[in-house]
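# Structural overview for review
Chain by chain, the residues run as shown.
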Amino acid sequence: MILLYFFILIYVVIIAYFNLKYPELRWNWDIINDSNLKFPKNFFWGTATAAHQVEGNCENNNWYDWENSVDKKGLPRIKDNQKSGIACDHWNNYKQDTELLKKLGVSHYRLSIEWSKIEPQQGEFDQSVLNHYSDLISYLIKNNITPYITLHHFTNPLWFDKLGGFEKKSNIKYFKNFCKTVFSIYSKEVKNWCTINEPEVYSVMGYFIGIFPPGKKNPQLAAIVHRNLLIAHTEVYQELKKMKNGDSSSIGIVKNVMQFDPARRWNLFDWIACRVSDLVYNEMSFSYLKYGKIKINIPFFIKLFYEDKQAMKATDFFGLNYYSHIHLKFKFDKHEFFENVYPKNDTMTDMEYTIYPEGLYRAIQRVKLIGKPIIITENGIADKKDDRRKLFIRRYIYAMLRSIKEGVNVKGYFYWTLMDNFEWAEGYDMKFGLYKVDFENQERKLRDGSKEYIKIINESN
Ligand code: BGC
């Protein structure tokens, strides 16, 4: 009997500890005044895209192959067998699309350049493609739009994938070579660089869940790929900093932060599922950037230790991509240990997550511990009906402003995304765009809900 009481006591203490340490923040929106959001003078506003999602004709990368392949059961990889195809034809429409940026009133544009187009074969750089990006960059600058260039946003050239992609640490040199080449060409005009977009999403989706290429389901390999991407970031950062214009450039990593909250706050198994997920998804990058250390030991699944003190703080800014949190519920099933559940009073987005502005505040509180300026490099909602976008925009931006007022150095915000585009495994079904795109004729139309963004930009200073 005493032993039973003892176990109950221990259980209660552990649960109380988790509850206190990881509260699920909730604000009472009925009493919050989120009208008239004033920002510091130098705060900047932008919007973001990625090459494969908007440019069209990306036919030499791993995603093209993935879109054109089937799984073991013969089923297509992308919802309804959709292909990225010509996408928004941003390649040819970038001048009109610059007008869209100007109409929003943003001063910054985050875009990625497509490695597979620039270096179609290992060591062979396509001059016409390099010229295209030069034109695009100059055009943006001429129109007073500051570019933030992402060097890697999920896609690899096929030749790089054939060599094993980021599964092999020794392949990082190929990526470094690409980065140095483009930096030497564009760094005179481009002052802001994002190295890798979302190492955790790339590795978890591609190597753990298996719905991104290469479709593997191997937790240990997922962790290795994640680590290699972090190392790639550090090495690229160090190399570019040594180059001409390196000193005057701002170079940072972009990480997605998602909170894992337990479905039942009294259930120890739910808590374990959350803490383990957080370790692999979030803490791994945080500890790498903050202490230069990776330490993961999840018996039977992942064992990974890595240390490089040089990695500590080797980033000029922290690019934070934030969308939402998820609730995990543990289940006894040998194939899947937990499932996502959604609190019934919360509003869903069209993606499998809810609207949770408090989460952006929480994410910023955590990121600030790295001690670097923060830029919100992505934040947005998939909302086909356009009946939640307005509320989403105001509340998330309010949450960000609240952190700034408390003294956190958040320098700018990029809304994801400029226009509807190819949403990876979801194809074209997810409508994240500020502008609605008619893919029959490439017409763009500002959504009503997006006007809230314009309003906020106007009232912000
Ligand atoms: C990615 C984007 C994607 C967005 C919305 C982010 O994880 O960087 O490419 O479209 O989320 O799902």
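Relevant structure appears above.
The structure reproduced in this document is the subject of the present report. Predicted model only: the values in this text are computed from it and were never measured.

Residue P214 is bonded to the preceding P213 through a cis peptide linkage, with omega at 5 degrees. Turning to its location among the elements, P214 is positioned in the loop between α9 (199-209) and α10 (219-242). Not every positive phi belongs to a glycine, and D80 is a case in point at roughly 55 degrees. Tracing the sequence through the fold places D80 in the loop between α3 (62-67) and α4 (90-104). Judged by relative accessible area, which is 63%, D80 ranks as exposed. The phi dihedral of A87 falls on the positive side, at around 50 degrees, and the residue is not glycine. Locating A87 in the fold gives a position in the loop between α3 and α4. On the basis of relative accessibility, which here comes to 3%, the residue A87 falls in the buried class.

On to the packing of aromatic side chains, then. The tally for this structure, following the rule as stated, stands at 54 aromatic pairs. Taking 4.7 Å as the distance between ring centres and 50 degrees as the angle between the ring planes, the aromatic pair formed by W115 and F160 counts as tilted. Within this pair, whereas W115 is found in helix α5 (residues 115-118), its partner F160 is found in helix α7 (residues 158-162), the two being separated by 45 residues in sequence. Taken as a pair, W115 and F160 share a single burial class, namely buried.

Topologically, S203 is positioned in helix α9. In this view, S203 contacts F208, A222, V225 and H226; residues no more than four positions away in its chain are not counted.

This part covers the site of the ligand. By nearness alone, every residue bordering the ligand is listed as Q53, H153, F154, N197, E198, Y323, M351, E378, W416, E423, W424 and F432. Here an oxygen atom of the ligand and a side-chain polar atom of Q53 are 2.8 Å apart. With respect to the ligand, the side chain of H153 contributes an N or O atom lying 2.9 Å from an oxygen atom. Within the complex, 93% of the 310 Å² of free accessible area of the ligand lies under protein.

Sheet architecture is closed into a barrel: 8 strands sit in the order β1-β2-β3-β4-β5-β9-β12-β13, paired in parallel fashion. Each neighbouring strand pair of the sheet contributes to a mean axis angle of 25 degrees, computed without reference to strand direction. Across the sheet, helix α11 (residues 268-291) touches β5 (250-257) and β9 (317-322), and the angle it forms with β5 is around 155 degrees.

This paragraph deals with the nonpolar core. Among the nonpolar cores identified, the biggest contains 127 residues, and W45, L151, F175, L320, I397, M400 and Y453 are the most heavily contacted of them. Element by element, the count of residues in this core is highest for α10, at 11 residues. Counting 16 residues, the second-largest nonpolar core is a separate cluster that includes A50, Y148, V254 and W416.

Let us look at a nonpolar patch on the surface. There is a patch of nonpolar side chains on the surface, built from M1, L4, Y5, I8, Y11, V12 and W266 and spanning about 790 Å² of accessible area. Tracing the sequence through the fold places V12 in helix α1 (residues 2-21).

The next point concerns the packing of α10 against α11. Packing of α10 against α11 brings their axes to within 11 Å, and their N-to-C directions diverge by 35 degrees. In this structure, α10 crosses over α11, and the sense of that crossing is right-handed. In this structure, α10 uses A223, H226, R227, L230, I231, H233 and T234 to contact α11, whose residues at the interface are V280, Y281, M284, S285, Y288 and L289. Its residues assigned to classes, the contact of α10 with α11 comprises 8 nonpolar, 4 polar and 1 charged.

Attention shifts here to the environment of I296. Its location among the elements puts I296 in strand β7 (residues 293-298). Separated by 13 residues in the primary sequence, I296 and E283 place their C-alpha atoms 9.7 Å from one another. Those residues in contact with I296 that sit more than four places away from it in its chain are L279, V280, M284, I302, K303, L304 and F305.

Taken in spatial order, the 3 strands make up an open sheet running β6-β10-β11, and their pairing is mixed. Two strands lie at the open edges of the sheet, namely β6 (260-262) and β11 (338-341), each paired on one side alone. Geometrically, the sheet is characterised by an average inter-axis angle of 45 degrees between neighbouring strands, direction not taken into account.

Looking along a regular strand, one sees side chains alternate from face to face of the sheet. Of all 6 residues in β9, 6 are buried, a share of seventy percent or more. Alternating positions in β9 separate into two faces, F317, G319 and N321 on one and F318, L320 and Y322 on the other, with burial throughout. Bridge count for β5 against β9 is 6 bridges, and the pairing is parallel. Bridge assignment links V257 to a residue of β9, and that residue is Y322. In the sheet, β9 pairs with strand β12 (residues 374-378) via 4 bridges, with the strands oriented parallel. Residue pairing for β12: N321 is matched across the bridge by E378.

What counts and how
- Residues numbered from 1 in each chain as written.
- Predicted model: local features only at pLDDT ≥ 70, side-chain atom pairs only at ≥ 80, totals over all residues.
- Heavy atoms only, no water.
- Helix = DSSP H or I, 4+ residues; strand = E, 2+ residues; numbered from the N terminus.
- Buried < 20%, exposed > 50% of the residue type's maximum accessible area, 1.4 Å probe, protein only.
- Phe/Tyr/Trp six-rings, centres within 6.5 Å; stacked < 30°, edge-to-face > 60°.
- Contact = heavy atoms within 4.5 Å.
- Near = heavy atom within 4 Å.
- Polar contact = N/O pair within 3.5 Å; in protein donor to acceptor, adjacent residues only side chain to side chain.
- Areas by Shrake-Rupley, 256 points an atom, 1.4 Å probe, with all protein chains shown as cover.
- Pairing = 2+ DSSP bridges.
- Axes fitted to C-alpha atoms, helices over the stretch in contact; angles between N-to-C directions.
- Core = buried A, V, L, I, M, F, W, Y, C linked by side-chain atoms within 4.5 Å.
- Patch = residues over 30% accessible without salt bridge, like charges linked within 9 Å, V, L, I, M, F, W, Y side chains within 5 Å.
- Salt bridge = Lys/Arg side-chain N within 4 Å of Asp/Glu carboxyl O.
- Left-handed = near helix turned anticlockwise from the far one by under 90°.
- Nonpolar A, V, L, I, M, F, W, Y, C, P; charged D, E, K, R; others polar.

These figures capture arrangement, not role.
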